[in-house]
Amino acid sequence: MRPFRFLAEPGTPADGRELAEIARRAEAIGYDVLVYPDHLIHPFAVVPLLATAAAATERLRVAAFVLNNDLRHPAVLAQDLATLDRLSGGRVEVAIGAGWYKAEYDAIGLPFDPVQVRQARLAEAIAVLKGCFGDGPFSFEGEHYRIRDHDGQPKPVQRPHPPIFIGGGGRRTLELAAREAQTVGLAPRTVFRDGAPVGEPRSYTLAATEEKIAWVREAAGDRFAELEFNVYPSGSAPVITDDARGEAERIAQRMRDRSGTEITTDEVLESPHIMVGSVDALVDKFRILRERFGISSIMTGDVDTLAPVVERLAGT
C-alpha cells in the first residue's frame, strides 16, 4: 500500500509572516502538501501564496486545490508552475479542474460554457501543460488552444513534469484523470440550487466511491496501479468528537434538508468525505479507506483540526 500523504489549507493568514508560520507548523506536524483554492472570491492569488509557503519551508510541497483552467492560458500557467517548481527545488504539484463556480465567471464577464465544453478545454490544457514542460519546442492544434513551435521556459525540476492531480465526481472527468493524472481526486457531485452549490448525498457514499473507482480502473488500464487516490472533506468540516453518531446525524439531516435526498447516519459515518469522530476512530477510518479503496492522499481542511490524526499516520 502507498504511504499516507496529507494535505492542508492555511486558511486566511494576515500576512506573509503568518503564512510562513502556518506552513512551517504544517511541515512539523507531518503534512506533505500545503494547498490553497484558486478562486477570485478568495483573498489571495494562489501562485504567489504557494511561492511564499515554499520559500518558508524545506520539505513541504505546494499545490492549488484546484486551479481553475478557465482563468489562465495553459502556456502562461505552465511558466508560472515551472518557475515555482524550479525555485522550490521540485516541490510543486499541478492540481487543475475545469472550473465550476458560475458566480465567479459572471462577476468578470467570463462565459460559463456547458460542462462538456469546459471538460474538453481542460483535456486540451493538460496536453499543452505537458508540452510546455517537455523537452524542446512543441505544437498543438485543438479546438480551444493552438500552439506553434513553442518551447516552454523554464523547465520544471520534476521530470517529465510535476505530478498532475485531476478530481471530480462525474465519469467523464474521472476518466480523464485515469488517463492523464498521477493523483485522482474522488469528489462528491455538486448541483446548484438557487445559485448555491449543493452536494448530492448519494455521491458521498461508499457505494458511489466504489463506482467511481471502477470508472477509473476501466479507463486507466495498465496504469491503474500507478494512481494515487485522494479524498477531501465535503458537506461538513472535520470534527474531533466522542459523539460521532450525534454529529453524523446532524450532518445527515442538514444534507437531507438541502438536497431533498435521503442519506443515513451510517452512510455519513462511513463516507470518505465526512471526517468526524475521535482521533482513534479517524485513524482507523483512514486505514480502512486505504485498505479497501487504495485512498492514501487525504486533504484535511485546516492544519490544526486533524493534526493529532496526521501525527499518528504521517509516513506510514
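Residues numbered from 1 in each chain as written. Predicted model: local features only at pLDDT ≥ 70, side-chain atom pairs only at ≥ 80, totals over all residues. Heavy atoms only, no water.

**Some points on the overall build of the chain**
The number of helices and strands found in the chain is 11 helices and 15 strands. Computed over C-alpha atoms, the radius of gyration of the chain comes to 19 Å, within 12% of the 20 Å expected from 2.2 N^0.38 for 316 residues, which places it in the range of a compact globule. Over its C-alpha atoms, taken along the principal directions, the chain stretches across nearly 60 × 45 × 40 Å. Contacts in the chain between residues at least 24 apart in sequence constitute 69% of all its contacts with a sequence separation of at least 6. (Helix = DSSP H or I, 4+ residues; strand = E, 2+ residues; numbered from the N terminus. Rg over C-alpha atoms; globule rule 2.2 N^0.38 Å. Contact = heavy atoms within 4.5 Å.)

**Some details on the side chain of N230**
Within the element layout of this structure, N230 appears in strand β12 (residues 228–231). With relative accessibility at 0%, the residue N230 sits in the buried group. Within the structure, the side chain of N230 is placed 2.8 Å from the side chain of S297, a separation counted as a polar contact. Those residues in contact with N230 that lie beyond four places of it in its chain are L7, F65, F165, T183, V184, G185, L186, S297, I298 and M299. (Buried < 20%, exposed > 50% of the residue type's maximum accessible area, 1.4 Å probe, protein only. Polar contact = N/O pair within 3.5 Å; in protein donor to acceptor, adjacent residues only side chain to side chain.)

**Quick look at the pattern of salt bridges**
Considering all chains together, one arrives at 23 salt bridges under this definition. Residue E180 is joined to K130 by a salt bridge in which the shortest nitrogen-to-oxygen separation is 2.6 Å. Placement of the pair is E180 in helix α6 (residues 171–180) and K130 in helix α5 (residues 115–133), with a sequence separation of 50 residues. A residue is classified by how much of its surface remains accessible, and E180, at 26% relative accessible area, is partly exposed. One salt bridge connects D135 with R159, and the closest N-O pair in it is separated by 2.7 Å. Highlighted residues: D135 in the loop between α5 and β6 (138–141) and R159 in the loop between β7 (146–150) and β8 (164–168), separated in sequence by 24 residues. Under the relative-accessibility criterion, D135 is labelled exposed at 70%. (Salt bridge = Lys/Arg side-chain N within 4 Å of Asp/Glu carboxyl O.)

**Brief notes about the packing of helix α1 (residues 16–29) against helix α2 (residues 46–55)**
As a packed pair, α1 and α2 sit with axes 8 Å apart at the nearest point and diverge in direction by 60°. Here α1 is positioned oblique relative to α2, judged by the angle of their axes. In the crossing of α1 with α2, the sense of the turn from one axis to the other is right-handed. Between α1, through G16, L19 and A23, and α2, the contact on the second element is made entirely by L49, T52 and A53. When grouped by side-chain class, the residues that make up the contact of α1 with α2 number four nonpolar, two polar and no charged. (Axes fitted to C-alpha atoms, helices over the stretch in contact; angles between N-to-C directions. Parallel < 35°, antiparallel > 145°, perpendicular 65-115°, else oblique. Left-handed = near helix turned anticlockwise from the far one by under 90°. Nonpolar A, V, L, I, M, F, W, Y, C, P; charged D, E, K, R; others polar.)

**Side note on unusual backbone geometry**
Cis geometry is found at the peptide bond from Q153 to P154, where omega equals -5°. Mapping P154 onto the fold places it in the loop between β7 and β8. With an omega of 5°, the peptide bond running from R159 to P160 counts as cis. Checked against the element boundaries, P160 lands in the loop between β7 and β8. One non-glycine residue with positive phi stands out, namely D149, at about 45°.

**What to know about the environment of E104**
Here E104 shows up in helix α4 (residues 102–108). Using a relative accessible area of 3% as the deciding quantity, one classes E104 as buried.

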